Amino acid sequence: MSVAAPKLRPEPRHTGERARPAHRPAARPPHVPRSTPSQRARRRSSPAFWVLTAIVVTVLIAGIVSISALLVRASFRVETIRETLSALQAEHAELTIEAVTLSAPSRIADWARNRGMVRAGDVQVLRVGGGAPA
């Protein structure tokens, strides 16, 4: 006859209790020290970390908003310069037409006649100097 082996663990009850796993966590190597509760507390995020993170994020957002504002300002300035350029080009075209009209030889001749000027018929060149007449 054989005798039943003694049970090491009690069997789980059927009241919803679950059996625990049979394995144990691996042993820590001897050269790695165990962490103390204060060391574990330091690993958690501290208020200083969150304050620093908030400051960095705020500065980054402010920088992005500032750059966007500068770009909008520059685009408005470019648009103003383009409008000024087109107005100056139109004025240049008008002034060029006026200059061509005012410098026409027929207009200058009419202006001179109205002021009593006459065309030179016989042009004589007089020399002024200390030389003997030729």
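Residues numbered from 1 in each chain as written. Predicted model: local features only at pLDDT ≥ 70, side-chain atom pairs only at ≥ 80, totals over all residues. Heavy atoms only, no water.

A. Seen up close, the overall build of the chain. Within the chain, the secondary structure is distributed over three helices and zero strands. The order of α-helices and β-strands along the chain, N terminus first, is α-α-α. The buried share among the 134 residues of the chain stands at 1%. When the accessible surface of the chain is summed, it comes to about 13900 Å², and 63% of that surface belongs to carbon and sulfur atoms. (Helix = DSSP H or I, 4+ residues; strand = E, 2+ residues; numbered from the N terminus. Buried < 20%, exposed > 50% of the residue type's maximum accessible area, 1.4 Å probe, protein only. Areas by Shrake-Rupley, 256 points an atom, 1.4 Å probe, with all protein chains shown as cover.)

B. Highlighting a nonpolar patch on the surface. The grouping of Val 51, Ile 55 and Val 59 at the surface amounts to a nonpolar patch, some 270 Å² of accessible area in total. Within the element layout of this structure, Val 51 appears in helix H2 (residues 47-102). (Patch = residues over 30% accessible without salt bridge, like charges linked within 9 Å, V, L, I, M, F, W, Y side chains within 5 Å. Salt bridge = Lys/Arg side-chain N within 4 Å of Asp/Glu carboxyl O.)

C. Focus on the pattern of salt bridges. Inspection of the entire model under this criterion finds one salt bridge. For Asp 110, the salt bridge is made with Arg 113, and the minimal N-O distance between the two is 3.0 Å. Residue Asp 110 and its partner Arg 113 are both found in helix H3 (residues 105-114); the two are separated by three residues, about one turn of the helix. Taking relative accessible area as the criterion, Arg 113 reaches 56% and is therefore assigned exposed.

D. Examining the packing of aromatic side chains more closely. Applying the stated criterion across every chain, the model contains one aromatic pair. With a centroid separation of 5.2 Å and an interplanar angle of 70 degrees, the aromatic rings of Phe 49 and Trp 50 are classed as edge-to-face. (Phe/Tyr/Trp six-rings, centres within 6.5 Å; stacked < 30°, edge-to-face > 60°.)

E. A look at the confidence of the model for the chain. The share of residues in the chain with pLDDT of 70 or more is 65%, and the mean pLDDT across the chain is 82. No element of the chain has a lower mean pLDDT than helix H1 (residues 37-43), at 61, and none a higher one than H2, at 96. (pLDDT = per-residue confidence, 0-100.)

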